[in-house]
Amino acid sequence: VQLVESGGGLVQPGGSLLLSCAASGFTFSSYAMSWFRQAPGKERELVATVTSVGGSTNYVDSVKGRFTISRDNAKNTVYLQMNSLKPEDTAVYYCYTERPRFPRLSYWGQGTQVTVSS
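The notes below deal with the structure included here. Everything quoted here is computed from the prediction, not taken from an experiment. (Residues numbered from 1 in each chain as written. Predicted model: local features only at pLDDT ≥ 70, side-chain atom pairs only at ≥ 80, totals over all residues. Heavy atoms only, no water.)

1. What to know about the state of the cysteines
In a disulfide, the sulfur atoms of two cysteines are held together by a covalent bond. Scanning the model with the defined rule gives one disulfide in all. With its sulfur 2.1 Å from that of its partner, Cys 21 forms a disulfide with Cys 95. In this structure the cystine formed by Cys 21 and Cys 95 twists about its S-S bond by roughly -85°; its chirality is therefore left-handed. Of this pair, Cys 21 sits in strand 3 (residues 17–24) while Cys 95 sits in strand 9 (residues 91–98), and the two are 74 residues apart along the sequence. Judged on exposure class, the residue Cys 21 and its partner Cys 95 are both buried. (Disulfide = S-S within 2.5 Å. Helix = DSSP H or I, 4+ residues; strand = E, 2+ residues; numbered from the N terminus. Buried < 20%, exposed > 50% of the residue type's maximum accessible area, 1.4 Å probe, protein only.)

What follows is the structure in structure tokens.
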């Protein structure tokens, strides 16, 4: 299993970024996909999840209305569109999935840095 994030960078407050996570080594369409983030000195936080069937989404309250998670099963890719970025969104963003059946193995990408600063 491999998860490779891209799209991070430096952006001014109020700006936008699109993160991508290219997945391989498993049946992508059968797995829920999530984005986590970890800011310096803070615990890793679940940001958003998209389910495998139906594509239902969930978000942490702090990003609702600003971030959108989506998936393209034909491309084995999950996205995180981030709009109206704030300095407090600065963190390393990680792509995450876990096997939907026993054993519930977890998989992480290497992370991509997002810095929101003027």
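Back to the text.
2. A look at the pattern of salt bridges
Counted according to the given criterion, the structure contains five salt bridges. Across the pair Asp 61 and Lys 64 runs a salt bridge, and its minimum N-O distance is 3.0 Å. Residues joined by salt bridges that share partners form a network here, namely Arg 37, Glu 45, Arg 66 and Asp 89. (Salt bridge = Lys/Arg side-chain N within 4 Å of Asp/Glu carboxyl O.)

3. Looking at the environment of Ser 52
Mapped onto the fold, Ser 52 is located in the loop between strand 5 (45–50) and strand 6 (57–59). With 22 residues separating them in the primary sequence, Ser 52 and Ser 30 have C-alpha atoms 5.3 Å apart. When neighbours within four sequence positions are excluded, Ser 52 is seen to be in contact with Ser 29, Ser 30, Tyr 31, Ala 32 and Arg 71. (Contact = heavy atoms within 4.5 Å.)

4. As for the pairing of strand 11 (residues 112–116)
Of the two faces of strand 11, only the one carrying Thr 112, Val 114 and Val 116 is buried; Gln 113 and Thr 115 on the other face are not. As paired elements, strand 2 (residues 9–11) and strand 11 share three bridges and run parallel to each other. Note on strand 11: the bridge partner recorded for Leu 10 is Thr 115. Pairing analysis gives three bridges linking strand 9 to strand 11, with the strands arranged antiparallel. In the sheet register, Ala 91 faces strand 11, and the bridge partner there is Val 114. (Pairing = 2+ DSSP bridges.)

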